[in-house]
Amino acid sequence: MNDLYGSLGNLAILKNRKSRAINAENPTGEKGKGGMAASNLGHSRKGSPCLRDIPSGTTVTLADIKGPGIINHIWITVTNKTTEADCFVLSDLIIRMYWDDEEVPSVESPLGDLFCCGFARECTVNSIPIAVIPNRGLNSYFQMPFKKRARITLENQHPNKIPAFFYQIDYCIVDDLPKDTAYFHAQWRRERFTTIGKDYVILDNVKGRGHYVGTYLALTTLERYWWGEGEVKFYIDGDIEYPTICGTGTEDYFGGSWSFAKQINGKTVEQNYNTAYMGYPYYSSHDELIHNDYHNDDCLPMRGFYRWHIQDPICFEEDLRVTIQQIGVGHGGLFERQDDVASVAYWYQSEPHTPFSPILSREYRHPR
């Protein structure tokens, strides 16, 4: 099992695996077939660096790999808009991953959200499993093992063609995998209006054995005053009314405290941060991509957070449900809130998994 996951501790140990990479120039990852396409500079001189003009309404296969193997790294970059009006590319592209010939995906999410960039806007993310580096360099280091087959697709639900989609998937072919190997899963959800007094569901209907490894939360606040008193709850192995694990508040779950606040010129300002396992990388109340001579750029406040349970995985043997309360505090004390919440849950589990509910249509994925 120690040979499955890389770390500084075993970096010097010889690896029993064969390294491969898939990109637009070598879509099958075939040995000795990289960099063959010709450009105006000649043969094998950067002739096909990306997928070009992906039509609207189509799905392309980014990878179809025969196992056993392990995907170690995924890098992607793409434009964030195709016209001034069509500026939600990162939420209009849907990425899906399928393991071992399954018919329903184990990973399904808008492209940006999977990489902790909700609201169809990129931001810098500096963490262990996910790194987003200017501009829109989307990187994942989540280990994704598979025994028979790995298939990754991209669906273009954007109204226009995608002029250029750059990507590389780095993986290894191995002789076999440990019997207790679990499969990577990720699911996006959203409630545009949460229900007063009812917890938002980050993840539900997970059956089997596994461990929960991360949360991305994209919160658009619809009410005034402090929004972050809601507790994150983990219902584990048969919990019904009360969870086994319940936190102390939203900013606490993401590693912060005291409303992330600092004082600048007598005004309270929330502080953004990136760390290895938890972060608050994004805040905005403006539309940064669009300029209009007649409309201002004000938006409802948008906040993006990540929390990785890598050192503290949430382990389950039978089932798992994860929720977060919508509770705020103001001058009159605690109160129930109604906000716009989206999320991505990340976990590993044994297959088969319960199929996901249908993902919302593109219009209902767009930011407010």
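Residues numbered from 1 in each chain as written. Predicted model: local features only at pLDDT ≥ 70, side-chain atom pairs only at ≥ 80, totals over all residues. Heavy atoms only, no water.

Named according to an unreviewed UniProt entry, the chain is PF11175 family protein originating from Lachnoanaerobaculum saburreum F0468.

1. Let's talk about the side chain of Thr221
Within the secondary structure, Thr221 is located in the loop between strand S15 (210–220) and strand S16 (232–236). Reaching out from Thr221, the side chain makes a polar contact with the side chain of Arg303 at a distance of 3.2 Å. With sequence-adjacent residues up to four places away left out, Thr221 is seen in contact with Trp227, Leu300, Pro301, Arg303, Arg337 and Asp339. (Helix = DSSP H or I, 4+ residues; strand = E, 2+ residues; numbered from the N terminus. Polar contact = N/O pair within 3.5 Å; in protein donor to acceptor, adjacent residues only side chain to side chain. Contact = heavy atoms within 4.5 Å.)

2. Some words on the packing of aromatic side chains
Under the definition given, this model contains 23 aromatic pairs. Between Tyr273 and Tyr280 the ring centres are 6.3 Å apart and the planes differ by 90°, which places this aromatic pair in the edge-to-face class. Members of the aromatic cluster, connected to one another through ring pairs, are Tyr212, Trp226, Trp227, Phe234, Tyr253, Phe254, Phe260, Tyr273, Tyr280 and Phe305. Lying across the ring of Tyr98, Arg151 places its NZ or CZ 4.1 Å from the centre. Across from the ring centre of Tyr253, 5.3 Å away, lies the NZ or CZ of Arg307, which sits over that ring. (Phe/Tyr/Trp six-rings, centres within 6.5 Å; stacked < 30°, edge-to-face > 60°. Lys NZ or Arg CZ within 6 Å of the ring centre and 35° of its normal.)

3. Focus: the pattern of salt bridges
Where side chains of opposite charge bring their charged atoms close, a pairing between them can arise. Applying the stated criterion across every chain yields a total of 19 salt bridges. A salt bridge links Glu84 to Lys81, with the shortest nitrogen-to-oxygen separation between them at 2.8 Å. Judged by relative accessible area, Lys81 falls into the partly exposed class, the value being 23%. Here Glu122 and Arg136 are joined by a salt bridge, their closest N and O atoms 2.9 Å apart. In this pair, Glu122 sits in the loop between helix H2 (111–114) and strand S7 (125–126) while Arg136 sits in the loop between strand S8 (130–133) and strand S9 (137–140), placing the two residues 14 residues apart along the sequence. Arg136 sits in the buried class, given a relative accessible area of 16%. One salt-bridge network, held together by shared partners, links Asp64, Asp101 and Arg149. (Salt bridge = Lys/Arg side-chain N within 4 Å of Asp/Glu carboxyl O. Buried < 20%, exposed > 50% of the residue type's maximum accessible area, 1.4 Å probe, protein only.)

4. Digging into the environment of Thr323
Following the sequence through the fold, Thr323 ends up in strand S24 (residues 319–324). A relative accessible area of 1% places Thr323 in the buried class. Here the alpha-carbon distance between Thr323 and Ala186, two residues 137 residues apart in the chain, equals 15 Å.

5. Thoughts on the sheet that holds strand S14 (residues 200–207)
Spatial strand order, S14-S24-S16-S17: 4 strands in an open sheet with antiparallel pairing. This sheet does not close on itself; its edge strands, each paired only once, are S14 and strand S17 (245–246). Examined bridge by bridge, S16 and S17 share 2 bridges and lie antiparallel to one another. If you follow Lys233 over to S17, its bridge partner there is Cys246. (Pairing = 2+ DSSP bridges.)

6. A closer look at the environment of Arg151
Along the chain, the position of Arg151 falls in strand S11 (residues 149–156). Along the primary structure Arg151 and Trp99 are separated by 52 residues, whereas in three dimensions their C-alpha atoms are 6.6 Å apart. Setting aside anything within four residues of it in sequence, one finds Arg151 in contact with Thr61, Ala63, Asp64, Arg96, Met97, Tyr98 and Glu102.

7. A short note on unusual backbone geometry
Residue Asn135 is bonded to the preceding Pro134 through a cis peptide linkage, with omega at -10°. Tracing the sequence through the fold places Asn135 in the loop between S8 and S9. With an omega dihedral of 5°, the bond running from Glu351 to Pro352 counts as a cis peptide bond. Here Pro352 lies in the loop between strand S27 (340–349) and helix H4 (362–365). Of note, the phi angle at Cys116 is positive, near 65°, even though the residue is not glycine. Unusually for a residue other than glycine, Asp237 sits at a positive phi of about 50°.

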